[in-house]
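Chain residues, written in single-letter form:
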Amino acid sequence: MAYTIDRHPCEDSPRLGAMTLHPEPESVSRARRWFRKFIAPYNPACSIDDCALMISELVTNAIRYGASEDPWVVRVEWFRQGTSLRVEVHNPGFPASVRLRHPDANDAHGRGLLLVDSIADSWHSGPSYLGGTVVSFVVADAWPA
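Residues numbered from 1 in each chain as written. Predicted model: local features only at pLDDT ≥ 70, side-chain atom pairs only at ≥ 80, totals over all residues. Heavy atoms only, no water.

All right, on to the overall build of the chain then. Helix and strand counts for the chain come out as three helices and six strands. Along the chain, helices (α) and strands (β) appear in the sequence β-β-α-α-β-β-α-β-β when read from the amino end. Expressed as a percentage of its 145 residues, the buried residues of the chain come to 41%. Long-range contacts, defined here as pairs at least 24 residues apart, represent 59% of the contacts in the chain between residues at least 6 apart. When the accessible surface of the chain is totalled, it reaches about 8,000 Å², and 51% of it is carbon and sulfur. (Helix = DSSP H or I, 4+ residues; strand = E, 2+ residues; numbered from the N terminus. Buried < 20%, exposed > 50% of the residue type's maximum accessible area, 1.4 Å probe, protein only. Contact = heavy atoms within 4.5 Å. Areas by Shrake-Rupley, 256 points an atom, 1.4 Å probe, with all protein chains shown as cover.)

This is how it looks when you write it as structure tokens:
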């Protein structure tokens, strides 16, 4: 199997859903599609398209920069925190390597975090509780107070 979905998180948990994806290009569109499908029942007031775009960028980066001697996966989780939505993307890469770049106009890559930085209310990178790296973003006021 190339993926798994956690549709039924614990009732007391702020986690709304999660998916595990293999590090392959098809996982980027799969992540967008599944996020749209599984966030819809929660009726967020924020732009689902904007969130799906940011997830695409972070999953692409996770696949591109993730590294491990062993077989590995990309893990995407989304949470409700009060009125905010937080999305996390985990991979086995090194936390110190995540940085906001300012590519030249002719550069083919390097704009993913710039998009996240411009759309999200905040973003963060650091060590993942799974080992490796987590990059997350927050969209404030995703739900009414």
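Relative orientation of the contacting elements helix α2 (residues 48-65) and helix α3 (residues 112-119) amounts to 150 degrees, with a least axis distance of 9 Å. Viewed along their axes, α2 and α3 adopt a mutual orientation that is roughly antiparallel. Our pair here, α2 against α3, has a crossing hand that is left-handed. In this structure, α2 uses Asp 50, Leu 53, Met 54, Glu 57, Leu 58 and Asn 61 to contact α3, whose residues at the interface are Gly 112, Leu 113, Leu 115, Val 116 and Ile 119. Considering only residue class, the contact of α2 with α3 consists of seven nonpolar, two polar and two charged. (Axes fitted to C-alpha atoms, helices over the stretch in contact; angles between N-to-C directions. Parallel < 35°, antiparallel > 145°, perpendicular 65-115°, else oblique. Left-handed = near helix turned anticlockwise from the far one by under 90°. Nonpolar A, V, L, I, M, F, W, Y, C, P; charged D, E, K, R; others polar.)

What follows is about the environment of Glu 24. Looking at the secondary structure, you find Glu 24 in the loop between β2 (15-21) and α1 (26-39). Distance in space between the C-alpha atoms of Glu 24 and Ile 63 is 6.7 Å, their sequence separation being 39 residues.

As enumerated under the stated definition, the model contains five salt bridges in all. Arg 36 is the partner of Asp 49 in a salt bridge, and the nearest nitrogen-oxygen pair spans 3.3 Å. Taken together, the residues span a long stretch of sequence, with Asp 49 in helix α2 and Arg 36 in helix α1 at a distance of 13 residues. With a relative accessible area of 49%, Asp 49 lands in the partly exposed category. Here Arg 75 makes a salt bridge to Glu 77, at a shortest N to O gap of 3.2 Å. Here Arg 75 matches Glu 77 in class, with each residue buried. (Salt bridge = Lys/Arg side-chain N within 4 Å of Asp/Glu carboxyl O.)

Within a pair of aromatic rings, the relevant descriptors are the distance that separates the centres and the angle that separates the planes. Under the criterion given, the structure shown has one aromatic pair. A ring pair is formed by Phe 35 and Trp 78, whose centres lie 5.4 Å apart and whose planes are at 80 degrees; its orientation type is edge-to-face. Of this pair, Phe 35 sits in helix α1 while Trp 78 sits in strand β3 (residues 74-81), and the two are 43 residues apart along the sequence. When the ring centre of Phe 79 is taken as origin, the NZ or CZ atom of Arg 86, which lies over that ring, is 4.1 Å away. (Phe/Tyr/Trp six-rings, centres within 6.5 Å; stacked < 30°, edge-to-face > 60°. Lys NZ or Arg CZ within 6 Å of the ring centre and 35° of its normal.)

This brings us to the nonpolar core. The biggest cluster of nonpolar side chains holds 32 residues, and the ones touching the most others in it are Phe 35, Val 59, Val 76, Trp 78, Leu 85 and Phe 137. When residues of this core are traced back to their parent elements, those giving at least two are β2, α1, α2, β3, β4 (84-91), α3 and β6 (133-139). The element best represented in this core is α2, accounting for seven residues. Leave out the neighbours within four places in its chain, and Val 76 touches Gly 17, Ala 18, Met 19, Leu 21, Val 59, Val 87, Glu 88 and Val 89. (Core = buried A, V, L, I, M, F, W, Y, C linked by side-chain atoms within 4.5 Å.)

Put simply, α1 and α2 touch, their axes get as near as 9 Å, and they point 145 degrees apart. Between α1 and α2 lies a crossing whose hand is right-handed. In this structure, α1 contributes Ser 27, Val 28, Ala 31, Arg 32, Phe 35, Arg 36 and Ile 39 to the contact, and α2 contributes Ile 48, Asp 49, Cys 51, Ala 52, Ile 55, Ser 56, Val 59, Thr 60 and Ile 63.

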